[in-house]
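Descriptive structure summary
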Amino acid sequence: MTPNGKFGVIGKPLPKVDAVAKVTGRAIYADDMLLPRTLHCRILRSPHPHARILSIDTSAARRIPGVQAVITGADLPIKFGILPVTQDERALEHEKVRYVGDPIAAVAAIDEEIAAAACDAIGVEYEVLDAVMSIDEALVAPKDEPIQDYGGPHNIHKLVALEFGDVESGFTRADHIREDVFFFQGSTHLPMEQHSATATYMDGRITLWSSTQVVHYVHRALSKVLELPMNRIRVIGAAHGGGFGGKTDPFAHEMIVCKLAMMTGRPVKCTLTREEVFYAHRGRHPVLMWVRTGVTRDGLITAMHFRTALDGGAYGSYGVASTFYTGALQTVTYDIPAYRFEGCRVFTNKPPCGPKRGHGTPQPRFALELHLEKIALDLGIDPVDLKQRNFVKAHTRTVNWLRVTSCGLDECTERVMTASGYRNREKRPGHGMGFAISSYLSGAGTAIYWNDMPHSEVQIKVDRGGVTAFCGAMDIGQGSDSVLATIVAEELGLQPADVRLVTADTDTTPIDLGSYSSRVTFMAGNAAIEAGRKMRGMLIEAVAAKMKCDAAAIEVGSGRIGDFSFEEASVLAEGRFGTLTTAGSYTPPKIAGPYKGSGVGPSPAYSYTACVVGLDADARTGLVRVNKIWIAHDVGRAINPLLVEGQVEGSVYMGLGEALMEEQAFRKGLHKWPSMLEYKSPTFLDMPEVETFIVETVDPEGPYGAKEAGQGPLLPVPPAVCSAVYDALGVWIDEVPVTPEKIVEALRRKQKGEPARFGPARFPTIPYPPTIKVEPPPKDLDRAAAASI
Amino acid sequence: MKQEVLREVERVVLALDVNGERTELLLPVHKTLLEVLREDMQLTGTKHGCELGECGTCTVLIDGRAELSCLVLPIQVEGRAITTIEGMARGAELHPLQQAFAELGAAQCGYCTPGILLSAKSLLETNARPSRDEIREALAGNLCRCTGYSKILDAVELAAGRMS
């Protein structure tokens, strides 16, 4: 920042630092790599959703010319998993398979066709077990055996029951109580790039290039499974072709190529087919939800009871965290004085679910927004008014101990109300508008595994006028490299293009926990500011000494430091201090509440979004045409408004896909449509115009006030679509995707005088454990904490 | 005892004209143009998302028309002008579409970008000032999961304006 308080590059719509590499085809993605003598790997996967493996015969595969190695579960027996509490996956299963697509054996051969032929030549004898394919089936005793050997009863993986404040008395105080049931179908990330990894092994060291969102977590998992110390493993994130949460787990193919490279002494590469990507999944959990809320006559919430049941698929993945997330963030948008949450995740014989953009929160957001719309109708209050009356206030603690800092909900709502004309909209059949809000984390306040390390570290080296920033962060297309370069450039008075970056390489960059939970701008950004300010201080000190003036008088900007060019200043500083390196790190504040499970939900800051969807819905065909979406997003501060708009628009697109068409559905254990043609996702023709408003509340702890932008704006879209369908046709579609069949069926029910709704009829009986009662936080908790520092 | 090679592979010598350069290659006849570009010619700017003609990612130009290279056999296109993303810039100078995509943030992860750029180039060669709906129609076969398409539409419009 210059002395007059104006930013040099923050807030400017500059092109991304990797834009030219991407528009010229020169960015090297994982599958673009082909090292000399590379062997190609294919993986044999289970054709059964649930079966015991009786025998595996690889002898015929090994005899095929060109096959260099064949491995099975006996070669990689150590279990792994992203969460310490669910180490339940093997790179190759040799005892039991739990979903169609579970990996069993792998081949390295001189070309991909030979590797595939060798996989076909592997004989596997199975004892097929009864498959569990739904939440209801998972809640009862299995015919054969449970899918996993932990959890329970039956196929229940995780149960949670928490109560904050006095819910019963909250309901007693209510003038009106309403209950609703909703279902949010699962969907998959569908990144354009299929997962790919290449490993080499030389001199006792493994190097892996992979399309991953988190090099650090892959690094840890490889160390465990390969039984090598972390200093013998290097993980490098290649240019990334899209993640959306789908490349956040460590994957079997990453371990397999490493093992095969160790066995053959040659580079080994594996690229998943599109069908394999559908089965690798880790996407949106299908979630069934029940919510009961008490309100006063004026629509103020007195108590809420929220229940969720998550269809987790066959393995743990992030599932324990996902379960808590389905109950955590309800309170950061609406002031809920007493709140009870009961959550349940079950195992089913389907590809494991995990984190997809919004991780565990779009589903309850969908239920919550529609539920409040219905309550508003019950009370005869405008739904926008009812929601606004309950908005959380900035700088408060929620009943479940989540610390809210900046909050732009009111401003976001006003922006979309004004632009869309929602309040004065013309009411005519077949045309509707819907409104919804949301919030999301700017990074999780706790890491996936317990450790005391900072969540992000940045180093800066200045040398011969050149600036290099090092950080473990992985740019997955959202522009985290550009954000880092912009922040370093801001502090040193340069342009982002002047900053060279080394990122996502476990050998050469300090730790960053990677691209998930919308954490990079906030956490790596703050680390970059610290490192940048230290470097700026050294440059200023050297220049001030040379100019024989006070350091405070030195101006930094436009490539100059005081009277000197940046290059001259760097030479002066190097002469004065020796090698010029600085470092910064970021650790989130310890603000989690005093209860088990409180690690899920806290974030140093929450983004806020408001959205209006305008659409036409045809009562005869059930077809919905979305005409326009207005969305306002409180990003705190837009470090680069072009990138913020891109994240908001991309989130809207993905939310619209989930609202109208995307569905990860199965028949007899098989994915119904594991191809990009049959798995419907919005094309250019399906996407309406989106009008984006950036709201800047300047968060006190964000880098220059910035918060997240990449996930929160997805969340309000599905409920706003359903509200708009109700506005247009007078029927509630209480589940996504909102397909024409569901609308037509709801209209038919309405005509017959039945409830004008399509959605789940009931919520199952779940053996929740005794509720853990948690006292709400004291009123002045954060003020007291701030005073004690 | 080792088995014989699994199958007989028929190979053919073909001369391909890619980005104005003629190259002779000995190729298995069943190998797709996508595979030949990426694996035999190291032109990895052409990406792939499905290899079934569903996603548009592998789009290249054949005699100026946008085609899916995963559905084309090299033997079909011998002697025809093939343009990949590597052939779009003039030397070090970006094509106006590439420039506009970079300026407006139309490439996020960038994986679908080469295919979309080539589809857009093909459009602008037949329709210099397309309407927004015409751009949508022309690019409807190219999926993108990052951008929500808005910035891509803006970039094609910007480039079209600058080119005409």
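Owing to the predicted nature of the structure, the values given are computational and were not obtained by experimental measurement. (Residues numbered from 1 in each chain as written. Chains lettered and ligands numbered in written order. Predicted model: local features only at pLDDT ≥ 70, side-chain atom pairs only at ≥ 80, totals over all residues.)

1. Section: the overall build of chain A
Secondary structure summary: chain A contains 19 helices and 34 strands in total. In terms of C-alpha radius of gyration, chain A reaches 27 Å, essentially the compact-globule figure of 28 Å for 789 residues. Seen along its three principal axes, the alpha-carbon backbone of chain A occupies a region of about 85 × 75 × 50 Å. When the 789 residues of chain A are sorted by exposure, 63% land in the buried category. A separation of at least 24 residues holds for 80% of the contacts in chain A among residues at least 6 apart in sequence. (Helix = DSSP H or I, 4+ residues; strand = E, 2+ residues; numbered from the N terminus. Rg over C-alpha atoms; globule rule 2.2 N^0.38 Å. Buried ≥ 20, exposed ≤ 12 C-beta atoms within 10 Å, placed from the backbone. Contact = placed C-beta atoms within 7 Å.)

2. What to know about the interface of chain B and chain A
Listed as interface residues are 41 residues of chain B and, on the opposing side, 44 residues of chain A. Elements with a contribution of two residues or more to the side of chain B that touches chain A: helix 2 (96-104), helix 3 (113-126), helix 4 (132-139) and helix 5 (150-163) of chain B. For the side of chain B that touches chain A, the element with the most residues is helix 2 of chain B, which contributes four residues. Of the residues assigned to the side of chain B that touches chain A, the class counts are 21 nonpolar, 13 polar and seven charged. (Nonpolar A, V, L, I, M, F, W, Y, C, P; charged D, E, K, R; others polar.)

3. Here we look at the confidence of the model for chain B
Residues and elements named next belong to chain B. The share of residues in chain B with pLDDT of 70 or more is 96%, and the mean pLDDT across the chain is 95. Taken as a whole, residues 1-5 scores under 50 in pLDDT and shows six contacts with residues more than four places along the chain or in a different chain. Here the predicted complex carries an ipTM of 0.97, next to a pTM of 0.97. (pLDDT = per-residue confidence, 0-100.)

4. Things to note about the domain arrangement of chain B
Residues and elements named next belong to chain B. The domains assigned to chain B are domain 1 (11-87) and domain 2 (96-163). In this structure, domain 1 and domain 2 have C-alpha centres spaced 21 Å apart. Listed per partner, the contact involves 15 residues of domain 1 and 13 residues of domain 2. Elements represented by at least two residues in the side of domain 1 that touches domain 2 include exactly strand 3 (59-62) and strand 4 (65-68). A total of three residues in the side of domain 1 that touches domain 2 trace back to one element, the largest contributor, which is strand 3. Residue classes in the side of domain 1 that touches domain 2 are distributed as six nonpolar, seven polar and two charged. (Domains from an automatic or database assignment.)

5. A short note on the domain arrangement of chain A
In terms of domain boundaries, chain A breaks down into domain 1 (38-129 + 192-242 + 247-280), domain 2 (287-446 + 593-758) and domain 3 (447-586). A straight line from the C-alpha centre of domain 1 of chain A to that of domain 2 of chain A covers 36 Å.

6. Considerations on the sheet that holds strand 5 (residues 103-109) of chain A
All names here are of chain A. Taking strand neighbours across the sheet as the criterion, the seven strands line up as 3-5-1-12-9-10-11 in an open arrangement whose pairing is mixed. The open sheet terminates on both sides in strands that have one partner only, identified here as strand 3 (67-72) and strand 11 (233-237). The average undirected angle you get between the axes of adjacent strands in this sheet is 20°. Bridge analysis of strand 10 (residues 205-210) against strand 11 gives five bridges, and the strand direction is parallel. Counted as the bridge partner of Ser 210 is Gly 237 from strand 11. (Pairing = 2+ DSSP bridges. Axes fitted to C-alpha atoms, helices over the stretch in contact; angles between N-to-C directions.)

7. Focus: helix 14 (residues 520-547) of chain A
The terminal C-alpha atoms of helix 14 of chain A, which comprises 28 residues, lie 38 Å apart, in line with the 40 Å expected from a rise of 1.5 Å per residue. Directly beyond the C-terminal end of helix 14 of chain A, a positive phi value near 55° is found at Lys548(A). (Expected span 1.5 Å × (residues − 1).)

8. So, the pairing of strand 15 (residues 339-346) of chain A
Residue and element names in this part refer to chain A. Burial within strand 15 is extensive, with eight of its eight residues counted as buried. On strand 15, burial covers both faces: Tyr 339, Phe 341, Gly 343 and Arg 345 on one face and Arg 340, Glu 342, Cys 344 and Val 346 on the other are all buried. Read from strand 14 (residues 301-311) through helix 9 (residues 319-328) to strand 15, the crossover connection turns out right-handed. (Right-handed = clockwise from strand over helix to strand, strands pointing away.)

9. Overview of the pairing of strand 21 (residues 499-503) of chain A
All names here are of chain A. The two faces of strand 21 differ: Val 499, Leu 501 and Thr 503 on one face are buried, but Arg 500 and Val 502 on the other face are not. Bridge count between strand 20 (residues 466-471) and strand 21: five bridges; the pairing is parallel. Paired with Phe 470 across the bridge in strand 21 is Val 502. Remark: the strand 20/helix 13 (residues 480-492)/strand 21 crossover connection has right-handed handedness.

10. As for the packing of helix 16 (residues 641-660) of chain A against helix 17 (residues 717-729) of chain A
Residue and element names in this part refer to chain A. The interhelical angle for the contact between helix 16 and helix 17, taken along N-to-C directions, is 50°, at an axis separation of 8 Å. Taken together, the axes of helix 16 and helix 17 are oblique relative to one another. Considering only the axes of helix 16 and helix 17, their crossing is right-handed. Between helix 16, through Val 652, Gly 655, Leu 656, Glu 658, Ala 659 and Leu 660, and helix 17, the contact on the second element is made entirely by Val 717, Pro 718 and Val 721. The residue inventory of the contact of helix 16 with helix 17, partitioned by class, reads seven nonpolar, one polar and one charged. (Parallel < 35°, antiparallel > 145°, perpendicular 65-115°, else oblique. Left-handed = near helix turned anticlockwise from the far one by under 90°.)

11. Topic: the environment of Thr765(A)
With respect to the helices and strands, Thr765(A) occurs in the loop between strand 33 (757-758) and strand 34 (772-774). Spatially, the C-alpha atoms of Thr765(A) and Met687(A) are 40 Å apart, while their sequence positions differ by 78 residues.

12. Observations concerning the sheet that holds strand 2 (residues 51-57) of chain A
Residue and element names in this part refer to chain A. In space, the three strands of this open sheet follow the order 4-2-6, with antiparallel pairing throughout. The two strands at the open ends of the sheet, each matched to only one other strand, are strand 4 (96-97) and strand 6 (123-128). As paired strands, strand 2 and strand 6 are joined by six bridges and run antiparallel to one another. Considered in strand 6, the bridge of Asp 57 is made with Gly 123.

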